[in-house]
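Here's the letter readout for the chains.
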Amino acid sequence: MRPVNPSRRTVLAATAAAGAATAGTAGTASASASTSASAAEESDAGAHPPATAQPPTRELRALLREIDPARIEATVRKLVSFGTRHTLSTQDDPARGIGAARDWILAEMRSYAATSGGRMTAELQSYVQEPAPRIPTATRITNVLATLRGSVTPERVYVVSGHYDSRVTDVMDATSDSPGADDDASGVAVAMELARVMARRRPAATIVFAAVAGEEQGLYGAAHMASRFKAAGTDVQAMFTNDIVGASRADDGTKDPYTIRLFAEGVPTSETPEQAATRRSVGGENDSPSRQLARFVRDTADNPATGMRVRVVHRRDRYRRGGDHIPFLEQGYPAARFTEPAEDFAHQHQDVRVEDGKQYGDLPEFCDFPFTARVARVNAAALWTLAQAPGAPREARILTAALTNSTQLVWARGAEPDLAGYEVVWRETTAPEWTHVIPVGDVTSHEVDLSKDNVFFGVRALNGTGLRSPVSFPSPQA
Ligand SMILES: [Zn+2]
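Residues numbered from 1 in each chain as written. Predicted model: local features only at pLDDT ≥ 70, side-chain atom pairs only at ≥ 80, totals over all residues.

The chain is annotated in an unreviewed UniProt entry as Aminopeptidase of Streptomyces dioscori. The annotation that UniProt attaches to the chain under Subcellular location (unreviewed entry) is "Secreted". (UniProt positions renumbered as here; feature names shortened; annotations may be inferred.)

Here you go:
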């Protein structure tokens, strides 16, 4: 056990009930408060697991073992074999162009669905994009979706995607060879491999595995998918895009094959003026639903079972770049982007060529397929736990009517049949991760003997097997 920093003893004394709960049987908080307190003292969030960490279940470990680097390699090479997958390329040639890639992905997804006992369906989702930036003439844009219907709460939906369109140096060049192995056959391979290994399983909630088009022309396919979900009133509780997850080698030659970056916004893209006013008043710029989602990914997927460190980056995307999570953020859905740890820009958005003896282009020879398989395991650990655990608590509020030095939290009880209760989490306002977990039982309110002015609070749900939801950050209610 780590020594307790004496300066923290007063805080600890004020929260005798606080203990860092580890995943396991419901209600058995096993880690000590002193461990959590020392976590709060350290600035390096990656030094050891956060108090909210959840080790993988036996069921999840078995699933992770089935993810196969050879399958991922075969998928990437097959997608490269279509020559170009540019969104404006031919859609009716059986061997070359985006249409051939679309048809192959659909056939593969259907073969996975055939093993699902009727729970998975695969379909095309398409629309005609009228002329727009980077779309000179009306163009059919088609996503390929495989939907694994939840067995308990199918109305809760989680989405994982990659984009199957590709590009070269000129974003309007629809005929040159455009292998797009890393960007983004690798992300499509992740989504497809997850569809394959999950098809024979029974997640409680629904998972959608998507290969989208039109990303390089302006996120068109993902925008269409997100708007369709929104129009249908679909409760998308999380979305991950995997975009450029194929290589572990940076342009300076250094390798980092055990790290994956996860880009997650702070201030929500969909924030209303009222929400902005609240945030300016009491904070919360590091507590958007997407940030809670990023913490959840670290909690569930940064561990020996995936073999990966999840490097969360506190920004929506890289400079001058954007990905398919953004249209989901615009619709108000929590979303984040996985991207390899350090990119080599000679191997993406480049004409395939040799210049001064150097090979340019997004070729499979630059990919690291075991790395992409580990990225798939990170996605699988997060998605499977999201789908099996309860949804994040709804209507979490921090009551502010009375000026007191304690904190009253309320929330709505979830509808999951295996819901077992709730935990209140808290941390210093300057800490990046939740450091304390307070089991509170199957209730919808709890008072903590800590001032809401001094720390941040959250609430998460747990089920009978001890799986925890992402944290909900309470909004103030006078
Ligand atoms: Zn991309």
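After presenting the structure, the write-up continues.
**Student:** Let's hear about unusual backbone geometry: which residues, and what values?
**Tutor:** The omega torsion of the bond from Asp 183 to Asp 184 falls at 5 degrees, within 30 degrees of zero and hence cis. By secondary structure assignment, the location of Asp 184 is in helix α6 (residues 181-198). Not every positive phi belongs to a glycine, and Arg 134 is a case in point at roughly 65 degrees. By secondary structure assignment, the location of Arg 134 is in the loop between β1 (120-129) and β2 (139-148). Here Arg 134 falls in the partly exposed class, since 17 other C-beta atoms lie within 10 Å of it. At Asp 356, a position not held by glycine, the phi torsion is positive, near 50 degrees. Residue position: Asp 356 is located in the loop between β9 (353-355) and β10 (358-360). (Helix = DSSP H or I, 4+ residues; strand = E, 2+ residues; numbered from the N terminus. Buried ≥ 20, exposed ≤ 12 C-beta atoms within 10 Å, placed from the backbone.)

**Student:** Explain the sheet that holds strand β13 (residues 419-428) to me, and be specific about the residues and the numbers.
**Tutor:** The three strands are arranged β14-β13-β16 in an open sheet whose pairing can be described as antiparallel. Each having just a single partner strand, β14 (436-441) and β16 (455-463) make up the two edges of the open sheet. Averaged over all neighbouring strand pairs, the angle between strand axes comes to 25 degrees, with direction disregarded. Bridge analysis of β13 against β14 gives five bridges, and the strand direction is antiparallel. Across the sheet, residue Trp 426 finds its bridge partner in β14, namely His 436. (Pairing = 2+ DSSP bridges. Axes fitted to C-alpha atoms, helices over the stretch in contact; angles between N-to-C directions.)

**Student:** Hey, could you go over α6 for me, with residue numbers and the actual values?
**Tutor:** Over its 18 residues, α6 runs 24 Å from end to end, which matches the ideal 26 Å to within 8%, given 1.5 Å per residue. Buried residues dominate α6, accounting for 18 of its 18 residues. (Expected span 1.5 Å × (residues − 1).)

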